[in-house]
Amino acid sequence: MSAPVLSPRRYQLRGVVTGAASGIGRACLELLVEHGAHVDAWDRSPEALADLPTGDAIATRRTDVTDPDSVADSAHEAKLHWGGIDFVVNCAGAFLVGPLADVSVDAVRKLFDLNVLGTTIVTQALLPALVASKGSIVNVASTVALKPSVSNSHYAASKAAVAHLTRCWALELGPKGVRVNSVAPGPTTTPLFRAAGMSAEQETEMLRERAATIPLRRVGEPDETARWIARFALEDSWTTGAVLPVDGGMSL
Ligand SMILES: NC(=O)c1ccc[n+]([C@@H]2O[C@H](COP(=O)([O-])OP(=O)(O)OC[C@H]3O[C@@H](n4cnc5c(N)ncnc54)[C@H](O)[C@@H]3O)[C@@H](O)[C@H]2O)c1
């Protein structure tokens, strides 16, 4: 049984979660709202957004994080809607599998556009509001940002970039009172791998193989990562520049 990470108090904070319609982002949205936060849920999928829980604490906005105009519109509307922004969780992302010999330049470009530039575009658009609130930025990296792995080198490199942006932004924004942290999840049961084109059988086999090499001998669930993201987002703390593995020990 896992212990709760957050204190039971309710947090009167307002924030944005990208990639909020699925997997880890959706788990974050639900946990943040459970703890009293007001969340602007951004995703590029209108169907998945329509499927999210509703209520006064949630606003959904169709947003493509790779498109600066789409992000600027959503950032403007979110700030107006909530009266300010205290945190952002950069969770929108994609996976790319394939050895160096096979990956296409176009696929690598799209991956970096989403995982690296998307994180940058969103954070930049919300930065004035985050500086005003002395807020918190939480980026989602990956265990493969910390430990090299076979057949997903560009995904790993894109997440290593996210981890390093986290550390650099922590240095840059610390004097303004903004904290910047990152979680580095290991393999987690979400639609990520199917969205990258893996079949159900390939996904099952890959997760089974990975689980066998993880010290805790299992893959993760979205809420296990969401708990640490929520803590970085909500709790005022002295931690900044952290890249926290949430991976059953896989990165050791
Ligand atoms: N699942 C894992 O094993 C795992 C491990 C480590 C890191 N991660 C990272 O966690 C994050 C969340 O992934 P997940 O596993 O929950 O996957 P997921 O596929 O369930 O969720 C990703 C979400 O991002 C959205 N999205 C994709 N492109 C977008 C865009 N251009 N604009 C806005 N939204 C967009 C998708 O519509 C989807 O709702 C990703 O950054 C992923 O790289 C996942």
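Please refer to the structure higher up on the page.
Residues numbered from 1 in each chain as written. Predicted model: local features only at pLDDT ≥ 70, side-chain atom pairs only at ≥ 80, totals over all residues. Heavy atoms only, no water.

Further remarks concern the overall build of the chain. Across its full length, the chain carries eight helices and seven strands. Its C-alpha radius of gyration of 17 Å places the chain within 12% of the 18 Å reference for a compact globule of 252 residues. Across the 252 residues that make up the chain, the buried fraction comes to 50%. Put simply, 71% of the contacts in the chain that link residues at least 6 apart link residues at least 24 apart. For the chain, the computed accessible surface area is about 12,100 Å², with 56% contributed by carbon and sulfur atoms. Measuring between centres, the 23 positive side-chain charges of the chain sit 6 Å from its 27 negative side-chain charges. (Helix = DSSP H or I, 4+ residues; strand = E, 2+ residues; numbered from the N terminus. Rg over C-alpha atoms; globule rule 2.2 N^0.38 Å. Buried < 20%, exposed > 50% of the residue type's maximum accessible area, 1.4 Å probe, protein only. Contact = heavy atoms within 4.5 Å. Areas by Shrake-Rupley, 256 points an atom, 1.4 Å probe, with all protein chains shown as cover. Lys, Arg positive; Asp, Glu negative; His and termini not counted. Charge placed at Lys NZ, Arg CZ, Asp CG, Glu CD.)

Turning our attention to the sheet that holds strand β3 (residues 58–62). Spatial ordering of the open sheet is given by β3-β2-β1-β4-β5-β6-β7, a layout of seven strands whose pairing is parallel. If you trace the sheet from one side to the other, it starts and ends with β3 and β7 (243–246), each paired once. Strand-to-strand twist of the sheet, defined as the mean angle between neighbouring strand axes without regard to direction, takes the value 20 degrees. The strands that helix α1 (residues 23–34) touches are β1 (14–18), β2 (38–43), β3, β4 (87–90) and β6 (179–185); relative to β2, the one it contacts most, it runs at about 165 degrees. (Pairing = 2+ DSSP bridges. Axes fitted to C-alpha atoms, helices over the stretch in contact; angles between N-to-C directions.)

The next thing to look at is the nonpolar core. By size, the foremost hydrophobic cluster in this structure holds 29 residues, and its most contacted members are Cys28, Leu32, Phe87, Val89 and Ile229. Mapped by element, the contributors of at least two residues to this core are α1, β2, β4, β5 (136–140) and α8 (222–234). Once residues lying within four places of it in the same chain are set aside, the contact partners of cysteine 28 are Val17, Val89, Ala226 and Ile229. (Core = buried A, V, L, I, M, F, W, Y, C linked by side-chain atoms within 4.5 Å.)

Bringing unusual backbone geometry into the picture now. Phi is positive for lysine 134, which is not a glycine, with a value near 50 degrees. Within the fold, lysine 134 resides in the loop between α4 (105–133) and β5. Look at arginine 217: it is not a glycine, yet its phi comes out positive at around 60 degrees. Locating arginine 217 in the fold gives a position in the loop between α7 (200–213) and α8.

Time to look at the site of the ligand. The ligand sits among 27 residues. The nearest are Ser22, Ile24, Asp43, Tyr155 and Thr190. Between an oxygen atom of the ligand and a main-chain N or O atom of isoleucine 24, the distance comes to 2.8 Å. Aspartate 64 is positioned such that a nitrogen or oxygen atom in its side chain is 2.9 Å from a nitrogen atom of the ligand. Every element with two or more residues in the shell around the ligand is listed here: α1, α5 (153–173) and α6 (192–195). Here the residues of the shell around the ligand sort into 13 nonpolar, 10 polar and four charged. (Near = heavy atom within 4 Å. Polar contact = N/O pair within 3.5 Å; in protein donor to acceptor, adjacent residues only side chain to side chain. Nonpolar A, V, L, I, M, F, W, Y, C, P; charged D, E, K, R; others polar.)

Moving on, we come to α4. Its 29 residues place the ends of α4 40 Å apart at the C-alpha level, agreeing with the 42 Å of an ideal helix rising 1.5 Å per residue. The largest bend in α4 comes to about 55 degrees, at leucine 127, with the proline proline 128 one to four residues further on. Just past α4, the residue lysine 134 takes up positive phi, approximately 50 degrees. (Expected span 1.5 Å × (residues − 1). Bend = angle between axes of the 7 residues up to and from the residue.)

Okay, the side chain of asparagine 181 next. Following the sequence through the fold, asparagine 181 ends up in strand β6. The class for asparagine 181 is buried, based on a relative accessible area of 0%. One polar contact links the side chain of asparagine 181 to the main-chain amide nitrogen of glycine 241, over a distance of 3.3 Å. Non-local contacts of asparagine 181, meaning those with residues more than four positions away in its chain, are made with Ile137, Val138, Asn139, Thr166, Phe232, Thr239, Thr240, Gly241 and Ala242.

It is worth stressing that arrangement in space is one thing and function is another; only the former is reported here.
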